[in-house]
Amino acid sequence: QALVRLPMEQYRRDLAAGLRVGTYVTGYQGSPLGELDKQYRAAGSLLREHHIQFQAGINEEVAATAIYGTQFLEKFTHSRYDGLTGIWYGKGPGVDRTGDAFRHGNFIGTSRHGAMLALAGDDPSCKSSTIPSDTIVSLYDLNMPQLFPGDPKEVLEMGLHAIAMSRYSGLWTALKIVTNVADGGAIVDLGSGLAPVTLPQDYLVGGKPYEKVQDVRLIAPYSNEIERMITYDRMGAARAYARVNGLDRVVVQSDNDRIGLVSAGKTYVDLRHALELLGLDEQALQQAGIRLYKLGMIAPIEPQGMKRFAQGLEEILFVEEKRGFSEVLAREVLYNERARPRIFGKYDADGHPLFPVQGELGADSIALPLAHYLAERLNRPDLLERVRW
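Described below are features of the structure shown in this document. (Residues numbered from 1 in each chain as written. Predicted model: local features only at pLDDT ≥ 70, side-chain atom pairs only at ≥ 80, totals over all residues. Heavy atoms only, no water.)

### A closer look at the sheet that holds strand E13 (residues 315–318)
Consideration 1: Read across the open sheet, the 5 strands follow the order E9-E11-E10-E13-E14; overall the sheet is mixed. Both outer strands of the open sheet, strand E9 (249–252) and strand E14 (342–344), are each paired with one neighbouring strand and no more. The sheet shows a mean angle of 25° between the axes of neighbouring strands, direction not considered.
Consideration 2: Two elements, E9 and strand E11 (residues 290–295), share 3 bridges in a ladder whose sense is antiparallel. (Pairing = 2+ DSSP bridges. Helix = DSSP H or I, 4+ residues; strand = E, 2+ residues; numbered from the N terminus. Axes fitted to C-alpha atoms, helices over the stretch in contact; angles between N-to-C directions.)

Laid out in structure tokens, this is it:
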């Protein structure tokens, strides 16, 4: 329901800004997004009212190929819209089989008032799939920035940011939607409004404020120039957008912090529950010298925020599911810093597995390895007693 509401909220924002921007939604169902088709069909007249066209795809790659046609609007005579937002959806295996269409669409880029958003449904526990799925590495290889919401309100807020980031940078962007978020529920108070969008004013390319360039000429030498733009200009714009909008933020901090904890999305929610099980509320974390960082954009890592977070820390512990890719990206950001902390996550200081790769992480499965990690460093054996259930 939050994902169905997302393009409606975007349409209202654009209308208030004097823009007529419609939305084309297509994809292929599958857990955890298996209910999305049903929810879009149930929206009925609301879709027409907000100029949203929903069309389920024959399969994932056909849907992705069709949807990047929405960004050709300015190449043809038209009068109804100033731009179109394209939204693709599919589960992890659908991302695997759609890579070529994603890559071509991302090379072309988004139109002036257009945007492209991929909803990647990850099933980390293999709840309804033949194998567990985790799309972060595949989407990163395709140069698609990824945001990770942890609850329905964040689905709306990060969805709006992802669309704005795509419109500003020219890149396709993605939301990582895991099973527990898709199947969960919440009451969302919209009275104070959703997250405002700020466009970077200080991101310069060639000494001038950044402006995206769309190019449909997918043939050398034009493709080589697009490759340069994607790698440097567009990805730099995505990082700048994440920075000025505070997608990543320090949640807990004190003057004498030695240890940093980093997590994102649903796993961040579980980390906070694990800390509660260990008796570590915000005040206790500050007293223990533990700094907490919540990632909104899990790939690429926004470097300025990560470097500020890491200042003065001796160690950083990443709590994330599967292969720990954000940990790898952060290590690359911090490696050449003069004073850099040690980084752990998937493995401890002795090279032994710490947070498991298999399955999904929950509060209980986070609490046990976290208790061992912190008990040794804080000289707090009492933490181990709290997980002896």
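### Thoughts on the pairing of strand E1 (residues 21–27)
Consideration 1: Most of E1 sits inside the fold, with 6 of its 7 residues counted as buried.
Consideration 2: The pairing of E1 with strand E3 (residues 83–91) spans 7 bridges and is parallel. Pairing of Val 25 across the sheet is with Ile 87, part of E3.
Consideration 3: Sheet topology places E1 next to strand E2 (residues 52–54); 3 bridges connect them, and they run parallel. Across the sheet, residue Thr 23 finds its bridge partner in E2, namely Ile 52. (Buried < 20%, exposed > 50% of the residue type's maximum accessible area, 1.4 Å probe, protein only.)

### Quick word on empty space enclosed by the protein
Consideration 1: Throughout the structure, instances matching the rule amount to 1 cavity of 30 Å³ or more.
Consideration 2: Around the largest cavity, the lining comprises 19 residues; the ones closest to its centre are Phe 148, Lys 176, Ile 298, Glu 320 and Glu 321.
Consideration 3: Broken down by secondary-structure element, the contributors of at least two residues to the lining of the largest cavity are strand E10 (259–264) and helix H14 (325–334).
Consideration 4: If one sorts the elements of the lining of the largest cavity by residue count, E10 sits on top with 3 residues.
Consideration 5: Per-class residue counts for the lining of the largest cavity are 9 nonpolar, 4 polar and 6 charged. (1 Å grid on protein atoms, 1.4 Å probe; cavity = no way out; pocket = protein on both sides within 12 Å on 5 of 7 lines; lining within 4 Å. Points joined across faces, edges and corners; volume = space filled by probe spheres on them. Nonpolar A, V, L, I, M, F, W, Y, C, P; charged D, E, K, R; others polar.)

### Examining the nonpolar core
Consideration 1: Leu 119, Leu 175, Leu 295, Met 306 and Ile 316 are the most contacted members of the largest nonpolar core, which totals 69 residues.
Consideration 2: Among the nonpolar cores identified, the runner-up in size contains 31 residues, and Leu 317, Ala 371, Tyr 373 and Leu 378 belong to it. (Core = buried A, V, L, I, M, F, W, Y, C linked by side-chain atoms within 4.5 Å.)

### Focus: the packing of helix H1 (residues 2–16) against helix H8 (residues 152–169)
Consideration 1: Where H1 meets H8, the axes come as close as 9 Å, and the angle between the chain directions of the two elements is 50°. On the basis of the axis angle, H1 is oblique to H8. In this structure, H1 meets H8 at a crossing whose hand is right-handed. On H8, the residues touching Ala 2, Leu 3, Arg 5, Leu 6, Glu 9, Gln 10, Arg 13 and Asp 14 of H1 are Pro 152, Val 155, Leu 156, Gly 159, Leu 160, Ile 163 and Arg 167.
Consideration 2: Taken together, the residues of the contact of H1 with H8 sort by class into 8 nonpolar, 2 polar and 5 charged. (Parallel < 35°, antiparallel > 145°, perpendicular 65-115°, else oblique. Left-handed = near helix turned anticlockwise from the far one by under 90°. Contact = heavy atoms within 4.5 Å.)

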